[in-house]
Amino acid sequence: MLKTPLTIEPTGRLQKLPPYLFAEIDRKKRELIAKGKDVIDLGVGDPDIPTPDFIVRALQKAAENPKNHRYALDQGMPELREAICDWFLERFQVKLDADKEILPLIGSKEGIGHLPLAVINPGQVCLIPDPGYPVYRSGTLFAEGIPYTMPLLEQNHYLPDFSAIPADVLKNAKLMFLNYPNNPTSQVATRAFFEEAVKFAHQHKILIAHDAAYSEMTYDGYKSPSILELPGAKEVAVELFSLSKTYNMTGWRIGFAVGHPQALSLLAKVKSNLDSGIFQAVQIAGIAALKEGAEALQQNLKIYRERRDLLIGGLNQLGFKVDPPRATFYCWIPVPPGYTSAELCLKFLEEMNIVVTPGNGFGPNGEGYFRISLTVAESRLMEALDRIRKSHPNRSQL
Ligand SMILES: *Cc1c(COP(=O)(O)O)cnc(C)c1O
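How each quantity is defined
- Residues numbered from 1 in each chain as written.
- Predicted model: local features only at pLDDT ≥ 70, side-chain atom pairs only at ≥ 80, totals over all residues.
- Heavy atoms only, no water.
- Helix = DSSP H or I, 4+ residues; strand = E, 2+ residues; numbered from the N terminus.
- Buried < 20%, exposed > 50% of the residue type's maximum accessible area, 1.4 Å probe, protein only.
- Areas by Shrake-Rupley, 256 points an atom, 1.4 Å probe, with all protein chains shown as cover.
- Lys, Arg positive; Asp, Glu negative; His and termini not counted.
- Charge placed at Lys NZ, Arg CZ, Asp CG, Glu CD.
- Domains from an automatic or database assignment.
- Buried area = accessible area lost by both parts, 1.4 Å probe.
- Salt bridge = Lys/Arg side-chain N within 4 Å of Asp/Glu carboxyl O.
- Polar contact = N/O pair within 3.5 Å; in protein donor to acceptor, adjacent residues only side chain to side chain.
- Nonpolar A, V, L, I, M, F, W, Y, C, P; charged D, E, K, R; others polar.
- Core = buried A, V, L, I, M, F, W, Y, C linked by side-chain atoms within 4.5 Å.
- Contact = heavy atoms within 4.5 Å.
- Near = heavy atom within 4 Å.
- Expected span 1.5 Å × (residues − 1).
- Pairing = 2+ DSSP bridges.
- Axes fitted to C-alpha atoms, helices over the stretch in contact; angles between N-to-C directions.

**A word on the overall build of the chain**
1) Next: Counting secondary structure elements, the chain contains 13 helices and twelve strands.
2) Next: If you line up the chain on its principal axes, its C-alpha atoms span 70 × 60 × 55 Å.
3) Next: For the chain, the proportion of its 398 residues judged to be buried stands at 55%.
4) Next: On the chain, roughly 18600 Å² of surface is accessible, and the fraction owed to carbon and sulfur atoms is 53%.
5) Next: Side chains of the chain carry 44 positive and 45 negative charges; the gap between the two charge centres is 2 Å.

**Overview of the domain arrangement of the chain**
1) Next: Examined at the domain level, the chain breaks down into domain 1 (13-50 + 295-391) and domain 2 (53-292).
2) Next: A straight line from the C-alpha centre of domain 1 to that of domain 2 covers 26 Å.
3) Next: On the domain 1 side of the contact with domain 2, Arg326, Thr328 and Asn365 bury the most area, a combined 21% of that side's loss.
4) Next: When the shortest N-O distance is used, the salt bridge between Arg308 and Asp220 registers 3.0 Å.
5) Next: Our enumeration of links across domain 1 and domain 2 arrives at 15 residue pairs in polar contact (both at pLDDT 80 or more).
6) Next: Elements with a contribution of two residues or more to the side of domain 1 that touches domain 2: helix H1 (12-15), helix H11 (294-317), strand E9 (330-334) and strand E12 (369-373).
7) Next: With seven residues, the single largest contributor to the side of domain 1 that touches domain 2 is H11.
8) Next: A breakdown of the residues in the side of domain 1 that touches domain 2 according to their chemical character gives 18 nonpolar, six polar and seven charged.

**Focus: the nonpolar core**
1) Next: In this structure, Phe88, Leu127, Met176, Leu228, Val258 and Leu290 are the most contacted members of the largest nonpolar core, which totals 63 residues.
2) Next: Dropping the residues within four chain positions of it, Leu127 is found in contact with Tyr148, Met150, Ile165, Val169, Leu170, Ala173, Leu175, Met176, Phe177 and Ile206.
3) Next: Ala213, Leu301, Tyr304 and Val376 belong to the second-largest nonpolar core, a separate cluster that totals 40 residues.

**Here we look at the site of the ligand**
1) Next: Close to the ligand lie 14 residues; Asp211, Tyr214, Ser242, Ser244 and Lys245 are nearest.
2) Next: A distance of 2.8 Å is found between an oxygen atom of the ligand and a backbone nitrogen or oxygen belonging to Lys109.
3) Next: Relative to its free-state accessible area of 380 Å², the ligand is covered by the protein chains to the extent of 94%.
4) Next: Broken down by element, the shell around the ligand gets its largest block of residues, three residues, from helix H5 (residues 108-119).

**What about helix H4 (residues 78-92)?**
1) Next: If you check H4, its first and last C-alpha atoms are 21 Å apart, about what 15 residues at 1.5 Å a residue would give, namely 21 Å.
2) Next: Looking only at H4, the buried set comprises Leu80, Arg81, Ala83, Ile84, Cys85, Trp87, Phe88, Arg91 and Phe92.
3) Next: If you follow the buried residues of H4, they end up packed against strand E2 (102-105), strand E7 (237-242), strand E8 (255-259) and helix H10 (280-292).
4) Next: The positive-phi residue at the C-terminal boundary of H4 is Gln93, with phi of around 55°.

**Observations concerning the side chain of Ser341**
1) Next: Position of Ser341 among the secondary structure elements: in helix H12 (residues 341-352).
2) Next: Each residue touching Ser341, except ones within four places of it in the same chain, is listed here: Val335, Pro358, Gly359, Asn360, Gly366, Glu367, Gly368 and Tyr369.

**Considering the pairing of E7**
1) Next: With respect to burial, E7 is a largely interior element, six of its six residues being buried.
2) Next: Neither face of E7 is exposed, since Ala237, Glu239 and Phe241 on one face and Val238, Leu240 and Ser242 on the opposite face are all buried.
3) Next: Sheet topology places strand E6 (residues 207-211) next to E7; four bridges connect them, and they run parallel. The residue bridging Ala209 from the neighbouring strand is Val238, located in E7.
4) Next: With five bridges joining them, E7 and E8 adopt antiparallel strand pairing. Across the sheet, the residue bridging to Glu239 is Val258, located in E8.

**Details of the sheet that holds E12**
1) Next: One open sheet accounts for three strands, arranged E9-E12-E11; its pairing is antiparallel. In this open sheet, the two edge strands, each paired with only one partner strand, are E9 and strand E11 (357-358).
2) Next: One ladder, built from five bridges, connects E9 with E12; its direction is antiparallel. Within E12, the position partnered with Cys331 by the bridge is Ile372.

**Let's talk about the pattern of salt bridges**
1) Next: Inspection of the entire model under this criterion finds 23 salt bridges.
2) Next: The shortest N-O distance in the salt bridge between Asp99 and Arg81 comes to 3.1 Å. With Asp99 in the loop between H4 and E2 and Arg81 in helix H4, this residue pair connects regions lying 18 residues apart in the sequence.
3) Next: Where Lys302 meets Glu306, a salt bridge forms, and the shortest distance between an N and an O atom there is 3.2 Å. Taken together, the residues span about one helical turn, with Lys302 and Glu306 both in helix H11 at a distance of four residues.
4) Next: Given a relative accessible area of 33%, Glu306 falls into the partly exposed group.
5) Next: One continuous salt-bridge network, built from bridges that share partners, spans Glu24, Arg27, Lys28, Glu31 and Glu350.

**Observations regarding the sheet that holds strand E5 (residues 173-179)**
1) Next: Here seven strands make up an open sheet; going across it, the order is E2-E8-E7-E6-E5-E3-E4 and the pairing mixed. Of all the strands in the sheet, just E2 and strand E4 (146-151) have a single pairing partner and so form its edges. Averaged over all pairs of adjacent strands, the angle between their axes in this sheet comes to 20°, without regard to strand direction.
2) Next: Packed onto the sheet, helix H9 (residues 261-272) meets E2, E6, E7 and E8 and runs at close to 35° relative to E2.

This is the structure we're talking about:
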């Protein structure tokens, strides 16, 4: 007997997710690769450099020990929380309580996605930056919260203008995501900005979730502050860190949240009902990274800095106007007049076989920009510059 398959309507929750703007680019990219074209992918924010050897070896050794094969503790191994505590103290001179103010995560994305389930009731507002990492919005929508976008504009140094948020929105706002160093704009925030944010959060009783995934990816002597350095911050803020970008560990899935103890315990409650902790061997490798990763990180940063200088120098010679980013491995570049972000990205792909990311994929305020990732070798960046040069012999046309 033939049976027709059950039709499942996507839930309202899923239908509210914005359309995936990179779908068309992904499709064209695959098409070109299938045709045998040499596509240079400057689109993805995923380090091309392998995880440092000593971290891989720590995992190998830990994976061989049957003790590590069982369910891990929901709140992470005490040794991992201690290692995070030590790292945080040394890096930011902030003392954390390893039991109450630290929560290991299966990557920071997991924490970002689950936090709204812990702190937002249906109909309550979550303030999110635009352009911004898409998970702030999807996490809010899954919790049936209402995302309210805070534009990040060039004239405001890509910092949100809190005074522009209407009073009725603020009344209903429970959570606010911030992200510095910022993806996609590569901008950094000053301590003064965080001070203002903490004051604002106290005033309006809003929990801040500061996504610090790029905290260590900084150049030219710049060090990114932790929001928890500010007096009163722990009372209103959690901060999310990731080992992914810092130690080339994107596939490993390990990060952590710190700060406001009650918010962390509510997040832990959500997590304990959904996951059962991080594979212990990965936690042990994470401890190794936090304890011994400083030198590997410096080598990484040197590579990205050289790539950055190569790319920015080349683009400026070609008539683009870009400042070298002080942080992240992204360059956020104004689209030349005469194109939308999407049009320019299609042109790059079709005429030059170069993938770059259209700014509007990160929110409407990203329109007019495109993002280039420095996650390919210098030789590929040179080839990309070459293709742009050849495709546009007349610079003013670009
Ligand atoms: C990469 C990234 C993350 C996620 O990192 P994981 O720890 O790998 O989940 C979070 N926020 C931003 C802004 C990112 O770019």
